[in-house]
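The primary structure of each chain is shown beneath.
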Amino acid sequence: MKDSDWTRILGWPGYRVYQTEVDEKAKTLKLWVRRKAGTKKRICSGCGKHVAEIHELVEREVRDLPWSEYRATVVVELCRVRCPDCGPRMEKVAQLPSKAPFSKRFEEAVGQACESAAASQVARRFGLAPSTVRAIDLRYLERWSKSRRKPVLKHVGIDELYLGKSKKFITVVSNLETGEPLWFGQDRKKETLDEFFRSQLSAMQRRRVAAACVDMWKPFQLSLEEWVPQCAIIYDKFHVMQHANKAVDEIRRSEFFRQGGQKRALVKGKRWLLLTRWVNLSEDKQQVLNQLFKLNRRVMKAYLLKESLEGLWQQADELAAADYLANWVRQLRWQRLPAFEKLAKMLLDHHEGLINAYLHPVRFGVVEAINGNIRLLLRRGRGYKNLRYLLLKAQRMVATRTELVAFRKAA
Ligand SMILES: [Zn+2]
């Protein structure tokens, strides 16, 4: 094969193959390339300027896409330029985006594979170490992130996520309109969210934030009031219902803990049922719950109260919603359900933010979906030590709407 054929098949723009080595036994292919004649000026990697003066020539070896069954390595002749501003510097080459021994398109192939498979699987396929695959994937995602435009943030979602014993809680900030996570911060303090507003948004961008969906969590509220005072705070259904579920669970535990024997056995493993909405239960599961309710009226009341709280988001307007909430709280009288009394107090204290859902229509369920995506990534990835990597993964997931069904099955 002629050098010009090798050059055509390799297809590195601006480069030509001048030497090759094929090892049929090891199934490896090595190609030496250099700039095509006529390329006089090189780009300085320090400042990006075109520089004509060459300091020295060096070689760099990178792994490239395979050729059929052959693993391909490209040895690139590179110039160190003598830049008037930076001094001797390596030239910038599009196919060599980092110092790692891989071509850009090889990294892209690995990064794309990581969109639908776990790093360990990709590692096996490419014959790389899993840590190398993760490093390539991170660079691939960083390049993607740099190249795309970021939409205006008008509706912000703020949530906390428990990552386990070592990482504990992180704060997740998301764009509710695009449905993508924007930022992760360690911890869930006021200072955590302050850091987002300070480091991620300009004063002008902060003024454009019109609404925030948050949990009834004081530190976040304080941060919002300080950094985006014009923004309407909305306590979304997802978070409120989480609190309601917690109240049901508290009552379940206190009611059945002291009951021994047969009754206790009936309750065992029913926690999930109590936390599921009635409409989402199959007929036989509803039967099981009915059995449980016969045993204990207070658990039944708690369940019904939780169910009826959903109605707060099904009203015609904010006035009807305010009435609905008042009635719901009134129902609690004489019920002796302390967990729900606590919840009612919380709801009344955050009354305005609950009604705001009617005045500022934002996409609900986004926070919940983002939460689910992150959990899925965590289950698949086995420990993201790097929060930035986890964030980019979650963003890319939204951008590509990767189907992860296959993984859910494998897990
Ligand atoms: Zn320079």
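See above for the structure.
Cut-offs used in this document
Residues numbered from 1 in each chain as written. Predicted model: local features only at pLDDT ≥ 70, side-chain atom pairs only at ≥ 80, totals over all residues. Heavy atoms only, no water. Donors = N, O, S within 2.8 Å, 3.2 Å for Na, K, Ca; no water. Tetrahedral: all angles 85-135°; square planar, octahedral: opposite > 155°, others 65-115°. Helix = DSSP H or I, 4+ residues; strand = E, 2+ residues; numbered from the N terminus. Phe/Tyr/Trp six-rings, centres within 6.5 Å; stacked < 30°, edge-to-face > 60°. Buried < 20%, exposed > 50% of the residue type's maximum accessible area, 1.4 Å probe, protein only. Lys NZ or Arg CZ within 6 Å of the ring centre and 35° of its normal. Contact = heavy atoms within 4.5 Å. Core = buried A, V, L, I, M, F, W, Y, C linked by side-chain atoms within 4.5 Å. Polar contact = N/O pair within 3.5 Å; in protein donor to acceptor, adjacent residues only side chain to side chain. Axes fitted to C-alpha atoms, helices over the stretch in contact; angles between N-to-C directions. Left-handed = near helix turned anticlockwise from the far one by under 90°. Nonpolar A, V, L, I, M, F, W, Y, C, P; charged D, E, K, R; others polar. 1 Å grid on protein atoms, 1.4 Å probe; cavity = no way out; pocket = protein on both sides within 12 Å on 5 of 7 lines; lining within 4 Å. Points joined across faces, edges and corners; volume = space filled by probe spheres on them. Salt bridge = Lys/Arg side-chain N within 4 Å of Asp/Glu carboxyl O. Pairing = 2+ DSSP bridges.

Remarks on the coordination of the zinc ion
Part 1: Those donors, Cys44 (SG), Cys47 (SG), Cys83 (SG) and Cys86 (SG), are the protein atoms that reach the zinc ion, and they lie 2.3 Å from it.
Part 2: Metal-centred angles of 108 to 112° between the four donor atoms at the zinc ion mark the site as tetrahedral.
Part 3: Between the donor residues of the zinc ion, the gaps in sequence give the motif C-x2-C-x35-C-x2-C. Here Cys44 is found in the loop between strand E3 (42-43) and strand E4 (50-51), whereas its partner Cys86 is found in the loop between strand E6 (70-83) and strand E7 (87-90), with 42 residues between them in sequence.

As for the packing of aromatic side chains
The geometry of an aromatic ring pair comes down to the distance between the two centres and the angle between the two planes.
Part 1: Per the stated rule, a full pass over the model turns up ten aromatic pairs.
Part 2: Judged by centre distance (5.5 Å) and plane angle (40°), the rings of Trp6 and Trp67 are tilted. Within this pair, whereas Trp6 is found in helix H1 (residues 3-10), its partner Trp67 is found in strand E5 (residues 54-67), the two being separated by 61 residues in sequence.
Part 3: Given the relative accessible area of 11%, Trp6 is considered buried.
Part 4: Ring centres 5.4 Å apart and planes at 15° place the aromatic pair Phe102 and Phe106 in the stacked group. Residues Phe102 and Phe106 agree in their burial class; the two are buried.
Part 5: In this arrangement the basic side chain of Arg396 is found over the ring face of Trp144, its NZ or CZ atom lying 5.0 Å from the centre.

Digging into the environment of Val110
Part 1: On the secondary structure map, Val110 appears in helix H2 (residues 104-116).
Part 2: A sequence separation of 71 residues divides Val110 from Thr39, and the C-alpha atoms of the two residues are 30 Å apart.
Part 3: Those residues in contact with Val110 that lie beyond four places of it in its chain are Val122, Phe126, Leu128, Val133 and Ile136.

What about the nonpolar core?
Part 1: Counting 82 residues, the largest nonpolar core has Ile158, Leu224, Leu309, Trp328, Phe340 and Leu347 as its most contacted members.
Part 2: Setting aside chain neighbours within four positions, we find Leu347 in contact with Met216, Val240, Leu309, Leu325, Trp328 and Leu354.

As for the environment of Ser199
Part 1: Relative to the helices and strands, Ser199 is located in helix H5 (residues 190-200).
Part 2: Its relative accessible area of 41% is what places Ser199 among the partly exposed residues.
Part 3: A polar contact is formed between the side chain of Ser199 and the backbone oxygen of Glu195, at a distance of 2.8 Å.
Part 4: Among the polar contacts made by the side chain of Ser199, one reaches the side chain of Gln200 at a distance of 3.2 Å.

Some details on the packing of helix H13 (residues 318-331) against helix H15 (residues 351-359)
Part 1: The N-to-C vectors of H13 and H15 enclose an angle of 145°; their axes lie 9 Å apart at closest approach. As H13 runs across H15, the sense of the crossing is right-handed. Contacts between H13 and H15 involve Glu318, Ala321, Ala322 and Leu325 from the former and His351, Leu354, Ile355, Tyr358 and Leu359 from the latter.
Part 2: Its residues assigned to classes, the contact of H13 with H15 shows seven nonpolar, one polar and one charged.

Overview of the layout of surface pockets
Part 1: When its volume is computed, the largest pocket comes out at roughly 930 Å³.
Part 2: Lining the largest pocket are 32 residues, and of these Phe238, Met241, Gln242, His243 and Asn245 sit closest to its centre.
Part 3: Breaking the lining of the largest pocket down by element, the ones donating at least two residues are strand E8 (155-162), helix H8 (237-257) and helix H16 (366-381).
Part 4: The element that contributes the greatest number of residues to the lining of the largest pocket is H8, accounting for nine residues.

A closer look at the pattern of salt bridges
Part 1: Within this structure, the stated rule accounts for 29 salt bridges.
Part 2: A salt bridge links Glu107 to Arg139; the shortest N-O distance between them is 2.6 Å. With a gap of 32 residues between them, Glu107 in helix H2 and Arg139 in helix H4 (residues 130-147) connect regions that are remote in the sequence.
Part 3: Judged by relative accessible area, Arg139 falls into the partly exposed class, the value being 23%.
Part 4: Of the charged contacts, one joins Arg253 and Asp249 as a salt bridge, the two residues approaching to 3.5 Å between their closest N and O atoms. One end of the pair, Arg253, and the other, Asp249, are both in helix H8, four residues apart, so they sit about a helical turn from each other.

Considerations on the sheet that holds strand E9 (residues 169-175)
Part 1: Taken together, five strands build an open sheet; the order of strands is E10-E9-E8-E11-E12 and the sheet is mixed. Among the strands making up the open sheet, the edge pair consists of strand E10 (180-186) and strand E12 (232-235). Neighbouring strand axes in the sheet, compared pairwise and without regard to direction, differ in orientation by 25° on average.
Part 2: Two elements, E8 and strand E11 (residues 211-214), share three bridges in a ladder whose sense is parallel. In the sheet register, Gly157 faces E11, and the bridge partner there is Cys213.
Part 3: Along the sheet, H5 contacts E8, E9 and E10; its crossing angle with E10, the most-contacted strand, is approximately 125°.

Coordinates in, geometry out; function isn't part of it.
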